[in-house]
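As a plain string of letters, each chain reads:
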Amino acid sequence: MPKGMMKNVLEELERTMRMNYLYDFYHTLLTSRQRKYIELYYLEDFTFSEIAEELDVTRQAVYDNLKRSKDLLEHYEENLGMYRNFISRQSLIKELGEILGEDRSHDVKRILETLEALD
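Analysis parameters
- Residues numbered from 1 in each chain as written.
- Predicted model: local features only at pLDDT ≥ 70, side-chain atom pairs only at ≥ 80, totals over all residues.
- Heavy atoms only, no water.
- Helix = DSSP H or I, 4+ residues; strand = E, 2+ residues; numbered from the N terminus.
- Buried < 20%, exposed > 50% of the residue type's maximum accessible area, 1.4 Å probe, protein only.
- Core = buried A, V, L, I, M, F, W, Y, C linked by side-chain atoms within 4.5 Å.
- Contact = heavy atoms within 4.5 Å.
- Salt bridge = Lys/Arg side-chain N within 4 Å of Asp/Glu carboxyl O.

> Is there a simple way to explain unusual backbone geometry in this structure?
Trans peptide bonds make up most of the peptide bonds, and negative phi angles are found at most residues other than glycine. The residue Asp 45 is not glycine, and still its phi comes out positive at about 60 degrees. Structurally, Asp 45 is set in the loop between α2 (32-43) and α3 (48-55). The backbone of Asp 56 sits at a positive phi, close to 55 degrees, despite the residue not being glycine. The exposure class of Asp 56 is exposed, given its relative accessible area of 71%.

Written out as structure tokens, the structure is:
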């Protein structure tokens, strides 16, 4: 696969993963219709045409609703920062685990496992 194509695939995968995380954190703030669009597109990997057929709407309606829902999820993240905090916690947990290495006391190991389970 050419380098440019691989980069595009990785960027798209990154965007999809981000949307999946944002959806996990904020889905309760969306309407049931908005959740349906996000679920079909990002979680079930439907195409615009498949979503349009499933929901009996036009492809343009699918595009518009997905864009609004995605923008809303990004707005919630910008204001609440749950995903940003999740990424920071994961990074700190990983760093702490690397610093401690395998020589961990039972209590430290238990605390790290508890921190990891929070997310």
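> Is there a simple way to think about the nonpolar core in this case?
It is characteristic of soluble globular proteins that their nonpolar side chains tend to be buried jointly. Core analysis: the biggest nonpolar cluster contains 18 residues, and Ile 38, Ile 51, Leu 66 and Leu 73 have the highest contact counts within it. Counting residues per element, the ones that place at least two in this core are α1 (3-26), α2, α3, α4 (59-80) and α5 (82-100). Beyond its immediate sequence surroundings of up to four residues, Leu 73 is in contact with Met 19, Leu 22, Tyr 23, Tyr 26, Leu 30 and Ile 38.

> Explain the pattern of salt bridges to me, please; I cannot follow it from the model alone.
Counted under the stated rule, the structure contains three salt bridges. Of the charged contacts, one joins Glu 12 and Arg 15 as a salt bridge, the two residues approaching to 2.7 Å between their closest N and O atoms. With Glu 12 and Arg 15 both in helix α1, this residue pair falls three residues apart, about one helical turn. Overall, Glu 12 belongs to the partly exposed group, its relative accessible area being 34%. Here Glu 74 and Arg 18 are joined by a salt bridge, their closest N and O atoms 2.8 Å apart. Of this pair, Glu 74 sits in helix α4 while Arg 18 sits in helix α1; the two residues are 56 residues apart in sequence, bridging distant segments of the chain. Residue class for Arg 18 comes out partly exposed when judged on its relative accessible area of 30%.

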